[in-house]
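Reading the structure
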Amino acid sequence: MTSSSFPLRPSQMHNIILFMHLSHETSIQRVFVRTETGVVSHEVPSPGETIGNGSLQWGMAEELLTPAYWATQAWMWEVQAPEHYKLGSSLEEETLACLLGGYGIPAEVGLAAYERLRERFIDDPQTLNREESVLEMLLEPLDIGERKVRYRFAKQKARYISAAMNAMPQVDREASDRDLRDKLVDIPGIGLKTASWIVRNWRNSDDVSILDIHILRAGQILGVFPKERTVEKHYLMLEDSYLEFAASISVRASILDSVMWMTMRQMPISMVKRLLGEEAGKPPKSVPMQLALGL
């Protein structure tokens with residue numbers, strides 16, 4: 001992502017059919033989804049019920065960006081494609097994929113570059129240890145459909161990839177998810193977001209989060225993230241809040257990340273700004289008060 005070029009949206013998602021039912025007796029919201037084996041259902045609390053000890057309410061499951069919406073969307077993604085984000089067959093390959101994706105790299109370009117370098121890595125694992133070899137591969141135009149496309153930031157990414165591959169033998173593969181993330185952050189070119197992305201993908205981890213502008217905006221609209229905090233300065237604090245929110249609505253943090261990212265990136269920026277109260281001349285949307293997350 002950004003969680004951005006990866007992960008890809010599961011192809012199965014077009015098979016989803018969603019029906020909402022509000023029981024007059026219990027006010028429980030029920031969601032139905034069609035799978036290959038039949039229709040399954042899921043329940044979330046009534047719209048007016050608060051989450052945990054805070055004042056944030058569940059809201060309607062069919063209403064965009066409410067906690068109930070996020071909970072049901074995450075559930076549907078988990079039903080359809082719980083491990084849709086893993087690309088590599090080793091920690092090295094997953095690191096390579098995440099380093100080649102990210103900000104400013106379209107998904108198809110990142111994937112094409114990854115496939116090229118991965119093939120060379122399989123033939124000769126040492127070839128990615130050499131910055132010159134990586135740069136040569138990245139400078140060669142990529143075939144994207146009928147187009148020839150040049151990979152952006154080739155020199156910078158070549159330096160990062162060779163540094164990462166040289167550091168891999170010293171990485172403790174048995175470390176906890178958080179410890180593995182911290183070890184990866186020590187490698188030049190890998191920050192908290194990229195390291196979290198690698199660990200989430202490789203470990204199917206729910207102990208880290210991939211925070212970018214899309215996740216930040218989703219959290220701010222909910223009222224879970226204060227507007228004055230940024231990913232660049234407050235990553236770990238925001239991560240704790242995000243993980244607690246995911247737990248409070250009983251969804252996997254790794255799945256919720258994909259759902260939020262995919263939803264927010266597809267929304268018109270004008271709508272997002274209005275929801276955040278940033279659109280000139282427009283009153284801000286009334287958002288729920290923050291959860292009691294220690295912010």
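As a starting point, this report considers the structure included with it. On a predicted model such as this, the values are computed, not experimentally measured, just so you know. (Residues numbered from 1 in each chain as written. Predicted model: local features only at pLDDT ≥ 70, side-chain atom pairs only at ≥ 80, totals over all residues. Heavy atoms only, no water.)

**Some words on empty space enclosed by the protein**
- Using the criterion set out here, one finds one cavity of 30 Å³ or more in the structure.
- Quantified by volume, the largest cavity comes out at close to 30 Å³.
- Along the walls of the largest cavity sit Ile 215, Gly 219, Leu 222, Val 224, Phe 225, Tyr 242, Phe 245 and Met 260, which together make up its complete lining.
- Looking at the lining of the largest cavity, the elements with two or more residues in it are α8 (213-222) and α9 (231-248).
- In terms of residue count, α8 provides more of the lining of the largest cavity than any other element does, three residues in total.
- Split by residue class, the lining of the largest cavity holds seven nonpolar, one polar and no charged. (1 Å grid on protein atoms, 1.4 Å probe; cavity = no way out; pocket = protein on both sides within 12 Å on 5 of 7 lines; lining within 4 Å. Points joined across faces, edges and corners; volume = space filled by probe spheres on them. Helix = DSSP H or I, 4+ residues; strand = E, 2+ residues; numbered from the N terminus. Nonpolar A, V, L, I, M, F, W, Y, C, P; charged D, E, K, R; others polar.)

**Description of the pattern of salt bridges**
- Summed over all chains, the structure comprises twelve salt bridges.
- Measuring nitrogen to oxygen at the nearest pair gives 3.5 Å for the salt bridge that ties Asp 257 to Arg 200. Taken together, the positions of Asp 257 in helix α10 (residues 253-266) and Arg 200 in helix α7 (residues 192-203) put the pair 57 residues apart, joining distant regions of the chain. Taken as a pair, Asp 257 and Arg 200 share a single burial class, namely buried.
- In this structure, Arg 252 engages Asp 206 in a salt bridge whose closest nitrogen and oxygen atoms are separated by 3.0 Å. Of this pair, Arg 252 sits in the loop between α9 and α10 while Asp 206 sits in the loop between α7 and α8; the two residues are 46 residues apart in sequence, bridging distant segments of the chain.
- Note on Arg 252: relative accessible area 22%, which makes it partly exposed.
- Among the charged side chains, a salt-bridge network with shared partners connects Arg 178, Arg 181, Asp 182, Glu 239 and Asp 240. (Salt bridge = Lys/Arg side-chain N within 4 Å of Asp/Glu carboxyl O. Buried < 20%, exposed > 50% of the residue type's maximum accessible area, 1.4 Å probe, protein only.)

**Overview of α7**
- A rise of 1.5 Å per residue sets the reference length of α7, with its twelve residues, at 16 Å; its end C-alpha atoms lie 16 Å apart and thus fit the reference within 8%.
- Along α7, the positions that sit buried rather than exposed are Thr 194, Ala 195, Ser 196, Trp 197, Ile 198, Val 199, Arg 200 and Asn 201.
- Each element contacted by the buried residues of α7 is listed here: α2 (91-100), α6 (177-185), α9 and α10.
- Positive backbone phi, approximately 50°, marks Asn 204, located one or two places after α7. (Expected span 1.5 Å × (residues − 1). Contact = heavy atoms within 4.5 Å.)

**Concerning the packing of helix α4 (residues 131-139) against helix α5 (residues 154-167)**
- Relative orientation of the contacting elements α4 and α5 amounts to 140°, with a least axis distance of 8 Å. Judged by the inter-axis angle, α4 sits oblique to α5. Here α4 runs over α5; the crossing is right-handed. From α4, Glu 131, Val 134, Leu 135, Leu 138 and Leu 139 reach across to α5, where they touch Ala 154, Lys 155, Lys 157, Ala 158, Arg 159, Ile 161 and Ser 162.
- In terms of residue class, the contact of α4 with α5 is built from seven nonpolar, one polar and four charged. (Axes fitted to C-alpha atoms, helices over the stretch in contact; angles between N-to-C directions. Parallel < 35°, antiparallel > 145°, perpendicular 65-115°, else oblique. Left-handed = near helix turned anticlockwise from the far one by under 90°.)

**Section: the pairing of strand β3 (residues 38-44)**
- As paired elements, strand β2 (residues 29-35) and β3 share seven bridges and run antiparallel to each other. Its bridge partner lying in β3, Val 31 is registered against His 42.
- A loop of two residues connects β2 with β3, the two strands running antiparallel in sequence. (Pairing = 2+ DSSP bridges.)

**What about the packing of aromatic side chains?**
- Applying the stated criterion to the full structure yields one aromatic pair.
- An angle of 70° between the planes, with centres 5.2 Å apart, marks the rings of Tyr 69 and Trp 70 as edge-to-face.
- Accessibility expressed as a relative area gives 0% for Trp 70, which makes it buried.
- Sitting over the face of the ring of Trp 202, Lys 86 holds its NZ or CZ atom 4.7 Å from the ring centroid. (Phe/Tyr/Trp six-rings, centres within 6.5 Å; stacked < 30°, edge-to-face > 60°. Lys NZ or Arg CZ within 6 Å of the ring centre and 35° of its normal.)

Keep in mind that these numbers describe shape and distance, not what the molecule does.
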